[in-house]
Amino acid sequence: AALESSKDPTPNDFGAPEKHLPQVKTSGENVEVSVNHVMDPVTPHYIQYMWLKSADSGEVLFAQRFEGTDPAPALATTLPAGTKAVPMLYCNIHGLWMGETFTV
């Protein structure tokens, strides 16, 4: 996806994992992704994008953009049962992060 190739081609290689790895919760077809990351518009240091991509095709299934003034970054969506997806995010300072593949 264009989001991934823009500035940081290698995920999970810069920054603290506990503040950047996206965490996924599923309930049926409902998916919630969150991360314990500061949203600081002054520095600035924040999560710019969070998205779900297909583990099979790499297609972006759902994406959300954030501003430094937003509360803690999180997204919620539904995906069809059986979908294999990968949670991704982009930090304006620490670049691209990829979470664990999951199946709805």
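Conventions we followed
- Residues numbered from 1 in each chain as written.
- Predicted model: local features only at pLDDT ≥ 70, side-chain atom pairs only at ≥ 80, totals over all residues.
- Heavy atoms only, no water.
- Buried < 20%, exposed > 50% of the residue type's maximum accessible area, 1.4 Å probe, protein only.
- Helix = DSSP H or I, 4+ residues; strand = E, 2+ residues; numbered from the N terminus.
- Pairing = 2+ DSSP bridges.
- Axes fitted to C-alpha atoms, helices over the stretch in contact; angles between N-to-C directions.
- Salt bridge = Lys/Arg side-chain N within 4 Å of Asp/Glu carboxyl O.
- Contact = heavy atoms within 4.5 Å.

### Let's talk about the pairing of strand β6 (residues 84-91)
When a strand is regular, its side chains alternate between the sheet's two faces. Of all eight residues in β6, seven are buried, a share of seventy percent or more. Relative to β6, strand β3 (residues 47-54) is paired through seven bridges, and the arrangement is antiparallel. Bridge assignment links Y49 to a residue of β6, and that residue is Y90. Pairing analysis gives two bridges linking β6 to strand β8 (residues 102-103), with the strands arranged antiparallel. Note on β8: the bridge partner recorded for K84 is T103. As paired elements, β6 and strand β7 (residues 95-98) share four bridges and run antiparallel to each other. Considered in β7, the bridge of C91 is made with G95.

### Section: the sheet that holds strand β2 (residues 30-34)
Taken together, the three strands give an open sheet; going across it, the order is β1-β2-β5, and neighbouring strands pair in antiparallel fashion. The open sheet terminates on both sides in strands that have one partner only, identified here as β1 (23-27) and β5 (74-78). Averaged over all adjacent pairs, the angle separating strand axes in this sheet is 15 degrees, with direction ignored. Taken together, the five bridges between β2 and β5 define a ladder with antiparallel strand orientation. Across the sheet, V33 pairs through a bridge with L75, a residue of β5.

### As for the pattern of salt bridges
Counted under the stated rule, the structure contains one salt bridge. In this structure, the salt-bridge partner of R65 is E67, at a minimum N-O distance of 2.6 Å.

### A closer look at the environment of P41
Within the secondary structure, P41 sits in the loop between β2 and β3. Put simply, P41 and D70 are 29 residues apart on the chain and 8.8 Å apart in space, counted from C-alpha to C-alpha. Setting aside residues up to four positions removed in sequence, P41 forms contacts with G68 and T69.

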